Amino acid sequence: MTTELGQRIRPIIWWLLKRAHTFDFKYILPIISRLPLTLAYACSAIRGKINAAIGKDWRSVALGHKHIRKQSLEGYGQLPLLVSKAVRSAWTKERFEVEAREEFEAWLIAARRVQELNCNYKTHPGDTSSPVRKKGQVLLTLHFDSFFMGAAFLAKSGEAINFMSSSITHDPRVHSSVQSHFETKYRGIEHYLNGGRVIDMEEGMRSFYRMLERNETLIILGDAPAVSMAPAIEVNFLGRKRRLAAGALRLAQRTGSDLGAYLCMHRGAGKYELVTLPARSADDPQTITQIYDF
């Protein structure tokens, strides 16, 4: 009886969730991004807590089942750390909250409010490389904290900064409001990239080769796992040897570009810290090791 009732109610719950999801991306995020900064970040934090409480994520809504919390818990359980289930649950809650803030930050960028933010720039301790560069560079970062905002801060150097994206957000199962969000996000940041662009990798690699041949910077997310039959690298990352996609390394090597990394962390309302590991030769085997150690 209970199971039958649950099966009848489930479609109604998902219908309501999808409507709320649409309203959230179409109206709530744009409105929050235009509030005074302190209030905007506070509202974004509340939005993140709501998402964490109900397990709302655009991927889950697209597929029709809440898998992100479960997979996050499983992933944290694979880390070589002796932590309790309660700690892993807290990390999972934080995962939703951080993604919610990153979505809000995308609208801050689109609203052209980057100049209102403060960023503390740091170079990774122990780096001795020269800041002078006469070639292209590939910078790796992760799906971590405020990585997208970091691109806008990097562009304050005056150099052309480019970003490799993916067309997965335009999968027909992804709601149109979310597709519109990503389009706004990518076109919004291009205002700050000094002529740089955000281009889907599915469009082909020629554009990325040309960027690097013009001695520009290309940001690539470096935490994508290797897929079967595709080129892979094996690195020590998150406590053990892992096979990751080798596209960034191959692209840097084939264009004679250097390879570096950065991380961008949120430090409070409107405050960030950008830590860079300046680029070195992609042909040096130690470079990729140092990047993932970083």
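Model, not experiment: these values are computed from the prediction.

## What about the overall build of the chain?
Reasoning step 1: Counting its secondary structure elements, the chain contains ten helices and nine strands.
Reasoning step 2: Relative to the compact-globule value of 19 Å for 294 residues, the chain shows a C-alpha radius of gyration of 20 Å, a close match.
Reasoning step 3: C-alpha atoms of the chain, sized along the principal axes, occupy 70 × 40 × 35 Å.
Reasoning step 4: When each of the 294 residues of the chain is scored for burial, the buried share is 46%.
Reasoning step 5: In the chain, of all internal contacts separated by at least 6 residues, the share reaching a separation of at least 24 is 71%.
Reasoning step 6: Accessible area for the chain stands at about 15600 Å²; split by element, carbon and sulfur atoms hold 57% of it.
Reasoning step 7: Between the mean site of the 41 positive side-chain charges and the mean site of the 29 negative ones, the chain shows a separation of 4 Å.

## Things to note about the packing of aromatic side chains
Reasoning step 1: A full pass over the atoms with the stated rule returns ten aromatic pairs.
Reasoning step 2: When the ring of W58 is compared with that of F182, the centres are 5.3 Å apart and the planes differ by 70°; the resulting orientation is edge-to-face. Here F182 lies in helix α7 (residues 176-190) and W58 lies in helix α3 (residues 58-63), a separation of 124 residues in the sequence.
Reasoning step 3: Where F147 meets F163, the ring centres are 6.5 Å apart and the plane angle is 45°; that geometry is what we call tilted. Here the residue F147 occupies a position in helix α6 (residues 147-154), and F163 occupies one in strand β3 (residues 161-165), the gap between them amounting to 16 residues. Grouping residues by exposure puts F147 and F163 together as buried.
Reasoning step 4: Each member of the aromatic cluster is reached from another via a ring pair, and the members are W58, F147, F148, F163, F182 and Y186.

## So, empty space enclosed by the protein
Reasoning step 1: By the definition in use, this model includes one cavity of 30 Å³ or more.
Reasoning step 2: Reported here for the largest cavity is a volume of approximately 50 Å³.
Reasoning step 3: Around the largest cavity sit H21, F25, R47, N51, K56, D57, W58, R95, F96, E99, A100 and E103, which together line it.
Reasoning step 4: Elements with a minimum of two residues in the lining of the largest cavity: α1 (2-32), α2 (37-54) and α5 (85-110).
Reasoning step 5: Ranked by residue count, the leading element in the lining of the largest cavity is α5, at five residues.
Reasoning step 6: In terms of residue class, the lining of the largest cavity is built from four nonpolar, two polar and six charged.

## Things to note about the side chain of T217
Reasoning step 1: By the element assignment, T217 lies in strand β5 (residues 217-221).
Reasoning step 2: T217 gets classed as buried once you look at its relative accessible area, which sits at 1%.
Reasoning step 3: Reaching out from T217, the side chain makes a polar contact with the side chain of Q137 at a distance of 2.9 Å.

## Digging into a nonpolar patch on the surface
Reasoning step 1: On the surface, F23, Y27, I28 and I31 cluster together to form a nonpolar patch covering roughly 380 Å² of accessible area.
Reasoning step 2: According to the relative accessible area criterion, I31 is exposed, its value standing at 52%.

## Re the nonpolar core
Reasoning step 1: Residues L117, F153, F163, I189, I219 and Y262 are the most contacted members of the largest nonpolar core, which totals 39 residues.
Reasoning step 2: In terms of nonpolar packing, the next biggest core, distinct from the first, is built from 29 residues, L249, L251, V275 and L277 among them.

## A short note on the environment of A245
Reasoning step 1: Of note, A245 is situated in strand β7 (residues 240-245).
Reasoning step 2: For A245 and G222, which are 23 residues apart along the polypeptide, the C-alpha to C-alpha distance reads 7.6 Å.
Reasoning step 3: If we ignore the near neighbours within four places in the chain, the residues touching A245 are A224, P225, A226, P231 and I233.

## Focus on the packing of α5 against α6
Reasoning step 1: Viewed as axis vectors pointing N to C, α5 and α6 meet at an angle of 30°, and their least axial separation amounts to 8 Å. In terms of axis orientation, α5 runs roughly parallel to α6. Contact residues: α5 offers E102, E105 and I109, while α6 offers F147, F148 and M149.
Reasoning step 2: For the contact of α5 with α6, the per-class residue count stands at four nonpolar, no polar and two charged.

## What to know about the sheet that holds strand β9 (residues 271-281)
Reasoning step 1: Strand order across the open sheet formed by seven strands is β1-β9-β8-β2-β5-β3-β4, with mixed pairing between neighbours. The sheet is open, and its two borders are formed by β1 (118-123) and β4 (198-200), each paired with just one other strand. Averaged over all adjacent pairs, the angle separating strand axes in this sheet is 25°, with direction ignored.
Reasoning step 2: By the bridge criterion, four bridges tie strand β2 (residues 137-141) to strand β8 (residues 258-268) in an arrangement that is parallel. Directly across from L140, in β8, lies its bridge partner A261.

## Concerning α6
Note on helix geometry: an α-helix contains 3.6 residues per turn, so any two residues three or four positions apart are oriented the same way.
Reasoning step 1: In terms of burial, α6 is largely enclosed, as eight of its eight residues are buried.
Reasoning step 2: What α6 keeps buried is the set F147, F148, M149, G150, A151, A152, F153 and L154.

The rules behind these values
- Residues numbered from 1 in each chain as written.
- Predicted model: local features only at pLDDT ≥ 70, side-chain atom pairs only at ≥ 80, totals over all residues.
- Heavy atoms only, no water.
- Helix = DSSP H or I, 4+ residues; strand = E, 2+ residues; numbered from the N terminus.
- Rg over C-alpha atoms; globule rule 2.2 N^0.38 Å.
- Buried < 20%, exposed > 50% of the residue type's maximum accessible area, 1.4 Å probe, protein only.
- Contact = heavy atoms within 4.5 Å.
- Areas by Shrake-Rupley, 256 points an atom, 1.4 Å probe, with all protein chains shown as cover.
- Lys, Arg positive; Asp, Glu negative; His and termini not counted.
- Charge placed at Lys NZ, Arg CZ, Asp CG, Glu CD.
- Phe/Tyr/Trp six-rings, centres within 6.5 Å; stacked < 30°, edge-to-face > 60°.
- 1 Å grid on protein atoms, 1.4 Å probe; cavity = no way out; pocket = protein on both sides within 12 Å on 5 of 7 lines; lining within 4 Å.
- Points joined across faces, edges and corners; volume = space filled by probe spheres on them.
- Nonpolar A, V, L, I, M, F, W, Y, C, P; charged D, E, K, R; others polar.
- Polar contact = N/O pair within 3.5 Å; in protein donor to acceptor, adjacent residues only side chain to side chain.
- Patch = residues over 30% accessible without salt bridge, like charges linked within 9 Å, V, L, I, M, F, W, Y side chains within 5 Å.
- Salt bridge = Lys/Arg side-chain N within 4 Å of Asp/Glu carboxyl O.
- Core = buried A, V, L, I, M, F, W, Y, C linked by side-chain atoms within 4.5 Å.
- Axes fitted to C-alpha atoms, helices over the stretch in contact; angles between N-to-C directions.
- Parallel < 35°, antiparallel > 145°, perpendicular 65-115°, else oblique.
- Pairing = 2+ DSSP bridges.

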